[in-house]
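Reading the structure
Here's the letter readout for the chains.
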Amino acid sequence: MYRGVLRLVSIVLLVNFPWVACDRRETCFKIQSLLNDDSISVTGPSNDICILDKASCCDKSVEKMLLDKARQVLKNRMFMVLNQFLKSIDIDKQDKNVLLTNIIKNSILPQAKKIDFHTKFSEYTKGDNSLTTVDLDTIKNAAAIGSITKALGTSVSENCQNLLYFELDPLKNAEHQYLSAILVMLRGYEIMNQIITQSKAVDLTDACYIGAVRGGLKFGGCNKCFDSTEFSDPCVKLCRNIVSGCLKGHILARTYLQHMATYQLQMNELVRKFVSEREAAISTLRADIKSKLQVDKEFYNSCSGLQKGSNEASPSAAYQFSSLSYTIDSARNTLDASWLCTYVLSGVSEVNCWNRSSVGKYRLNVYEFTPTGQRQNPEVPGPGPVVMIDEQIKQFTDYKYNVEELSQGRDVLKPSAATPLSFTLLTLSVALYLALT
């Protein structure tokens, strides 16, 4: 009799609560370990996020825990490659800062003036130009004299400098272009740094986090709801749609980082070129000094101490160039869905992969990483986060102009616009005062 009653109860349970039958086959060990919660057990389908049509280890409370975990780790994973790119550009930024410091250190300026120029150059790289015409004349002259002094191994007196006025001009111009290129390149790194900072400052959207949990990205999602599918990585196309949707607000930032990387690579070649021209100008000046000592009696009488240095072999270049620690591709990969899915979020499978509801094939389209494409993204609907880089885009326009002008051999390191304007206003004020009195 009792056996009959138990059999009847079992039938009723199986008919009305089918997930009870799953309890023998399905365990929740994997998701218990992931969320550190031994109380998780198989329950009937009751979900807000996961698209499941049978009993699983994920009810609404478990989904909330998965969503909380996504909020903790997803943003760092999304920006992992971006952070690596930032470290790469910092390496070269430090390298160029050393070159800038050496220009100041090797000049013949007094220590107080060196500190002043260090401050002004630092301000310039941040977009605040306080350099005056006198400053620019002073630094290119001091840098040129410093370079030839180092090359000759002896100081060049003020009288000798005056007698070499015309011969010094090519070296002064070379020093000026060399300094200009370094400052423009450092300015570029400042803009890149600001774009990256703004990109990382915003949080991802709720739709992004939900899509990531549903898609079962590497840190854990709905694919963990069954022990049998725990090792099924998300389908690559699903992963790409999710990541692109999460980063749709970063489309413009990624575009401008690629532009900046392209121009910085061009700038590095210009710095290399100006280093060569500077070394050539030093060699030419040494030859001019040697010749002038032989044919110009006045110069010989005043500057014969330069003779030994002018006869010695020219020193090797002060800076050996190598390739930058980043490329156009590394800039492109920073916020690229395909790269992130392959190397960070484990979305590499085409078949027998998690397709957001089961193991199989993902059959939806992958949409382009453009504003138009992402409006159709089925995995992360709605607008993306707002990345505020309007100011950096304006700065990029000025930076780009300077790169193009330097490429044409034109002068871009000019005095602050505030200086001549103030002088003009003062002149007009004085003239008006004199006219009235």
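Going by the structure above, here's the rest.
These notes cover the structure that comes with them. Everything quoted here is computed from the prediction, not taken from an experiment.

What counts, and at which threshold
Residues numbered from 1 in each chain as written. Predicted model: local features only at pLDDT ≥ 70, side-chain atom pairs only at ≥ 80, totals over all residues. Heavy atoms only, no water. Disulfide = S-S within 2.5 Å. Helix = DSSP H or I, 4+ residues; strand = E, 2+ residues; numbered from the N terminus. Buried < 20%, exposed > 50% of the residue type's maximum accessible area, 1.4 Å probe, protein only. Phe/Tyr/Trp six-rings, centres within 6.5 Å; stacked < 30°, edge-to-face > 60°. Lys NZ or Arg CZ within 6 Å of the ring centre and 35° of its normal. Core = buried A, V, L, I, M, F, W, Y, C linked by side-chain atoms within 4.5 Å. Contact = heavy atoms within 4.5 Å. 1 Å grid on protein atoms, 1.4 Å probe; cavity = no way out; pocket = protein on both sides within 12 Å on 5 of 7 lines; lining within 4 Å. Points joined across faces, edges and corners; volume = space filled by probe spheres on them. Salt bridge = Lys/Arg side-chain N within 4 Å of Asp/Glu carboxyl O. Axes fitted to C-alpha atoms, helices over the stretch in contact; angles between N-to-C directions. Left-handed = near helix turned anticlockwise from the far one by under 90°. Nonpolar A, V, L, I, M, F, W, Y, C, P; charged D, E, K, R; others polar.

A separate point is the state of the cysteines. Taken as a whole and assessed by the stated rule, the structure comprises 7 disulfides. The disulfide partner of Cys-160 is Cys-303, and the gap between their sulfur atoms is 2.0 Å. Since a negative S-S torsion denotes a left-handed disulfide, the Cys-160-Cys-303 link at about -120 degrees is left-handed. Linking Cys-160 in helix H8 (residues 158-163) with Cys-303 in helix H13 (residues 297-303), this pair joins segments that are 143 residues apart in sequence. Cys-303 shares its class with Cys-160; the two are buried. Between the sulfur atoms of Cys-235 and its disulfide partner Cys-353 the distance amounts to 2.0 Å. Between Cys-235 and Cys-353, the disulfide has an S-S torsion of 95 degrees and is therefore right-handed. Placement of the pair is Cys-235 in the loop between helix H10 (206-215) and helix H11 (236-246) and Cys-353 in strand S1 (residues 353-354), with a sequence separation of 118 residues.

Throughout the structure, instances matching the rule amount to 9 aromatic pairs. Aromatic side chains Tyr-256 and Phe-396 sit 5.2 Å apart centroid to centroid with 80 degrees between the ring planes, which places their arrangement in the edge-to-face category. Within this pair, whereas Tyr-256 is found in helix H12 (residues 251-295), its partner Phe-396 is found in helix H18 (residues 390-407), the two being separated by 140 residues in sequence. For Phe-396, a relative accessible area of 7% corresponds to the buried category. Note on Phe-396 and Tyr-399: the rings are 6.3 Å apart at their centroids and 40 degrees apart in plane angle, and the pair reads as tilted. Taken together, the positions of Phe-396 and Tyr-399, both in helix H18 and 3 residues apart, correspond to about one turn of that helix. Every member of this aromatic cluster is reached through a ring pair, and the members are Tyr-256, Tyr-263, Phe-396 and Tyr-399. Between the NZ or CZ atom of Lys-54 and the centre of the ring of Phe-226, over which it lies, the distance is 5.1 Å. The side chain of Lys-292 reaches across the aromatic face of Phe-299, ending 5.7 Å from its centre.

Located in the positive-phi region is Asn-36, a residue other than glycine, with phi close to 55 degrees. Among the structural elements, Asn-36 can be located in the loop between helix H3 (29-35) and helix H4 (60-78).

The tendency in soluble globular proteins is for nonpolar side chains to be buried side by side. Within the largest apolar cluster, 102 residues are counted, with the highest numbers of intra-cluster contacts made by Ile-31, Leu-74, Met-78, Phe-121, Val-243, Met-267 and Tyr-399. For Met-267, the contacting residues outside a window of four places in its chain are Ala-181, Val-184, Met-185, Tyr-399, Val-403 and Leu-406. With 19 residues, the next largest nonpolar core counts Ala-144, Leu-164, Leu-171 and Leu-306 among its residues.

Moving on, we come to empty space enclosed by the protein. Regions of empty space are outlined by a rolling probe, equal in size to a water molecule, passed over the atoms. Counted under the stated rule, the structure contains 1 cavity of 30 Å³ or more. Here the largest cavity defines a volume of roughly 30 Å³. As for the largest cavity, its lining consists of Ile-103, Ile-139, Lys-140, Ala-143, Glu-175, His-176 and Leu-179.

Attention now moves to the pattern of salt bridges. All told, the structure shown has 17 salt bridges when counted by the stated rule. In this structure, Asp-206 engages Arg-71 in a salt bridge whose closest nitrogen and oxygen atoms are separated by 3.2 Å. With Asp-206 in helix H10 and Arg-71 in helix H4, this residue pair connects regions lying 135 residues apart in the sequence. For Asp-329, the salt bridge goes to Arg-332, with nearest N and O atoms at 2.4 Å. Of this pair, Asp-329 and Arg-332 both sit in helix H15 (residues 328-333), 3 residues apart, which is roughly one turn of the helix. With a relative accessible area of 31%, Arg-332 lands in the partly exposed category. Each of Lys-113, Asp-116, Lys-120 and Asp-135 takes part in a single network of salt bridges with overlapping partners.

Where helix H6 (residues 111-125) meets helix H7 (residues 133-152), the axes come as close as 12 Å, and the angle between the chain directions of the two elements is 115 degrees. Crossing angle aside, the handedness with which H6 passes H7 is left-handed. Here Lys-113, Phe-117, Lys-120 and Phe-121 of H6 lie close against H7, whose contacting residues are Asp-135, Thr-138 and Ile-139. A breakdown of the residues in the contact of H6 with H7 according to their chemical character gives 3 nonpolar, 1 polar and 3 charged.

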